[in-house]
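# Chain and residue survey
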Amino acid sequence: MADVKARGQLILVTGLLIAVVLIGLALVVNGAIYTENLSTRESSDEPREALEQRHVTEGDVQSLIDAANRNATTDDYGMVRGDFADGLTQWADSQRVQKLLTGRFVSTGLNSTTEGTQIRQANASRNFTAGGSLAGDSDWTLVENTTDVGPFVLGIDRASLLNITDFDTLSDPLAAVSDNAFHVSVETPSGTWKVYMFRDGTAGEVYLYVVDPGDDLGALSGISSLVSNSCVAGATGSSATVDFREPQFGTDATDCPELGFYNTSVVGADHDIHYRNARTSATGLGLLGEADRARGTYEVVVDTRADRTPYYGPDADASPRARSIIHAVTVTAAFRSDGVVHGSDEIEAEWSVVQ
Amino acid sequence: MTGDDRAVSPVFSYVLTLGITTILIVGLLVAATGYVDDQRRQTTENQLQVIGQQLSADIAAADRLARTDGAEDVAIRRDLPDRIVGSSYSINVKIDGNGPTEYYLELSTARPDVTVTVGIASVTDLVTTGVGGGEVVVRYDAAADELEVANA
């Protein structure tokens, strides 16, 4: 009987051990199934939604800036800003309601706005002298203390530029160019760039020459050196375009690397923009008389409030005129969902014209 | 024709039967235990890999959100299992040059002794911390410009 008891215990212990092994196996299989389940779950879309909402906010805020600037009929920044703020509030409310339907919370609020000025001369037959109470001034300041500039484009009547034909007969032709050719002077704390424009009446070509800070037009060897170091626009068309931001020059606006200084060294720095020699009276130089040295159109958008003294306005057809616009805006935005929180205190949008 | 005719005593017969049975059962148990252990290790490794990749994806998403202009408040929450195959585990963010990327995740369990590393695609720096399973949050510290993985 003793042997029978011993065999029963063995079977019992064995059964217990097999049960333990089976439990372990069940645990492993369960873990494996759970892993499969976990690995095949789709990644959450919520981070993507948060980024999408941010892009939507940037785009729509820019559209609101565009609408406010487009609809502004007076040179009154308070009104432009007020229209924009009203539009933003309506937009933010509609977004909040729409997103709540899908279990997301979004909010958008105005943080800051930057006043800018759109300076424009639309009358192509007018010279580049100042307007307003400085009407007729040949040397004048368009804007002071601007940093970020949007479009800066001049459309110049080629025939109005200083004609340098036969200047070699003068005793100091480069001084005549320096004193009489229309130029844009860009003044920064680190120096002043001067962008001269003139033409060769015989060849029909127009030229753009940039004097860098510290350089002097008079240091060149002569007119031929001046011409050979200039951007040249061929003898076609009646007007030449000068685009500081692209940077391009000519009837067909081809690349002009000399103008590249504006993007690389000026934008982002505090600077002033002046027009010089818009109309000169070069007495003593037989070849020259009093005449316009530049006529045409121009537009520049700056990120500051320009002094209104040299401008007419605010009528749309006044030339030159300046009007207040919203240059840039920053808004706060928040996105919240079950798994994602994304808050930004400074989403920036600019007027699309500026970009 | 009795048992005596075979020249085998009953005692010997019992011992023989018990011996063979014991050897068979021990063999079966050893083989089954080894199999279960191997499977457990492999399953643990797979699950750590999956968890690591999911957390790494969350860190990458948080990085993208944190790098947007003006981002100040970013958090991504994920529910991870408390235990895997019956064992607790730990997740460590490391930067010691031994991982597949600069910052990487090291996930490990003590029993079985399994360690898995998963790379992290993040431009933003991370705080080198360790967390356990459960609810995990990837948070952005705007002041320090760092991402931190923490238990919620």
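The structure displayed is predicted, hence computed values, not measured ones. (Residues numbered from 1 in each chain as written. Chains lettered and ligands numbered in written order. Predicted model: local features only at pLDDT ≥ 70, side-chain atom pairs only at ≥ 80, totals over all residues. Heavy atoms only, no water.)

### Here we look at the overall build of chain B
Of regular secondary structure, chain B possesses one helix and nine strands. For chain B, the C-alpha atoms occupy an extent of roughly 100 × 30 × 15 Å along the three principal directions. If you take every contact in chain B between residues at least 6 apart in sequence, the share linking residues at least 24 apart comes to 53%. Total accessible area computed for chain B in this model is approximately 8,100 Å², and 51% of it derives from carbon and sulfur atoms. Counting 11 positive and 22 negative side-chain charges, chain B places the centres of these two groups 7 Å from one another. (Helix = DSSP H or I, 4+ residues; strand = E, 2+ residues; numbered from the N terminus. Contact = heavy atoms within 4.5 Å. Areas by Shrake-Rupley, 256 points an atom, 1.4 Å probe, with all protein chains shown as cover. Lys, Arg positive; Asp, Glu negative; His and termini not counted. Charge placed at Lys NZ, Arg CZ, Asp CG, Glu CD.)

### Side note on the overall build of chain A
When its secondary structure is counted, chain A shows six helices and 17 strands. For chain A, the C-alpha radius of gyration of 35 Å lies well beyond 20 Å, the compact-globule estimate for 355 residues. Oriented by its inertia axes, the alpha-carbon framework of chain A measures out at about 145 × 45 × 35 Å. Split into buried and exposed, the 355 residues of chain A put 47% on the buried side. For chain A, the proportion of contacts with a sequence separation of at least 24, taken over those separated by at least 6, is 70%. (Rg over C-alpha atoms; globule rule 2.2 N^0.38 Å. Buried < 20%, exposed > 50% of the residue type's maximum accessible area, 1.4 Å probe, protein only.)

### Observations concerning a negative patch on the surface
Together, A:Asp345, A:Glu346, A:Glu348, B:Asp69 and B:Glu72 make up a region of like negative charge exposed at the surface. You can see A:Glu346 is positioned in strand S17 (residues 340-350). (Patch = residues over 30% accessible without salt bridge, like charges linked within 9 Å, V, L, I, M, F, W, Y side chains within 5 Å. Salt bridge = Lys/Arg side-chain N within 4 Å of Asp/Glu carboxyl O.)

### Describing the layout of surface pockets
Any empty space left between atoms is shown by rolling a water-sized probe over those atoms. Empty space within the largest pocket amounts to approximately 430 Å³. In terms of lining, the largest pocket is formed by 22 residues, of which the most central are A:Ser43, A:Ser44, B:Asp58, B:Arg77 and B:Arg78. Of all elements in the fold, only helix H2 (46-71) of chain A together with helix H1 (10-66) and strand S1 (71-79) of chain B reach the threshold of two or more residues within the lining of the largest pocket. For the lining of the largest pocket, the element with the most residues is H1(B), which contributes five residues. Reported here for the second largest pocket is a volume of approximately 150 Å³. Lining of the second largest pocket is provided by A:Leu25, A:Val28, A:Val29, A:Ala32, A:Thr35, A:Glu36, B:Tyr35, B:Gln39, B:Gln42, B:Thr43 and B:Asn46. Where the lining of the second largest pocket is concerned, the elements lending two or more residues are helix H1 (2-39) of chain A together with H1 of chain B. Top element by residues in the lining of the second largest pocket is H1(A). It accounts for six residues. Taken together, the residues that form the lining of the second largest pocket break down as five nonpolar, five polar and one charged. (1 Å grid on protein atoms, 1.4 Å probe; cavity = no way out; pocket = protein on both sides within 12 Å on 5 of 7 lines; lining within 4 Å. Points joined across faces, edges and corners; volume = space filled by probe spheres on them. Nonpolar A, V, L, I, M, F, W, Y, C, P; charged D, E, K, R; others polar.)

### What to know about the pattern of salt bridges
Enumeration according to the criterion identifies 19 salt bridges over all chains in this entry. Residue A:Arg279 is joined to A:Asp292 by a salt bridge in which the shortest nitrogen-to-oxygen separation is 2.6 Å. Pair noted here: A:Arg279 is in strand S13 (residues 279-281) and A:Asp292 is in strand S14 (residues 290-292), with a separation of 13 residues, a long-range link. Note that B:Lys94 is salt-bridged to B:Glu106, the shortest N-O span being 3.3 Å. On the criterion of sequence distance, the pair formed by B:Lys94 in strand S3 (residues 87-94) and B:Glu106 in strand S4 (residues 104-109) is long-range, its members being 12 residues apart. Through salt bridges with shared partners, a single network forms among A:Asp157, A:Arg279, A:Glu290, A:Asp292 and A:Arg295.

### Some remarks on the nonpolar core
Counting residues in hydrophobic clusters, the biggest one holds 41 residues, and the most contacted among them are A:Leu154, A:Phe182, A:Val184, A:Leu208, A:Phe244 and A:Phe261. Counting residues per element, this core draws most heavily on strand S3 (residues 149-157) of chain A, at four residues. When residues no more than four places from it in sequence are discounted, the contact partners of A:Leu154 are A:Phe128, A:Phe182, A:Val184, A:Ala240, A:Thr241, A:Val242, A:Phe244, A:Tyr275, A:Thr297 and A:Tyr298. Core analysis: the second largest hydrophobic core is formed by 37 residues, B:Ala71, B:Leu80, B:Tyr89 and B:Val149 among them. (Core = buried A, V, L, I, M, F, W, Y, C linked by side-chain atoms within 4.5 Å.)

### Quick look at the side chain of A:Thr57
Residue and element names in this part refer to chain A. Here threonine 57 lies in helix H2. Residue class for threonine 57 comes out buried when judged on its relative accessible area of 2%. What threonine 57 contacts, discounting residues up to four positions off in sequence, is Trp91, Thr108, Val331 and Ile347.

### Some words on the state of the cysteines
All names here are of chain A. Counted according to the given criterion, the structure contains one disulfide over all chains. With its sulfur 2.0 Å from that of its partner, cysteine 231 forms a disulfide with cysteine 256. Across the S-S bond linking cysteine 231 and cysteine 256, the dihedral sits near 95°, which makes this disulfide right-handed. Taken together, the residues cysteine 231 in strand S8 (residues 231-233) and cysteine 256 in the loop between strand S11 (254-255) and helix H6 (261-266) connect sequence positions 25 residues apart. Cysteine 256 shares its class with cysteine 231; the two are buried. (Disulfide = S-S within 2.5 Å.)

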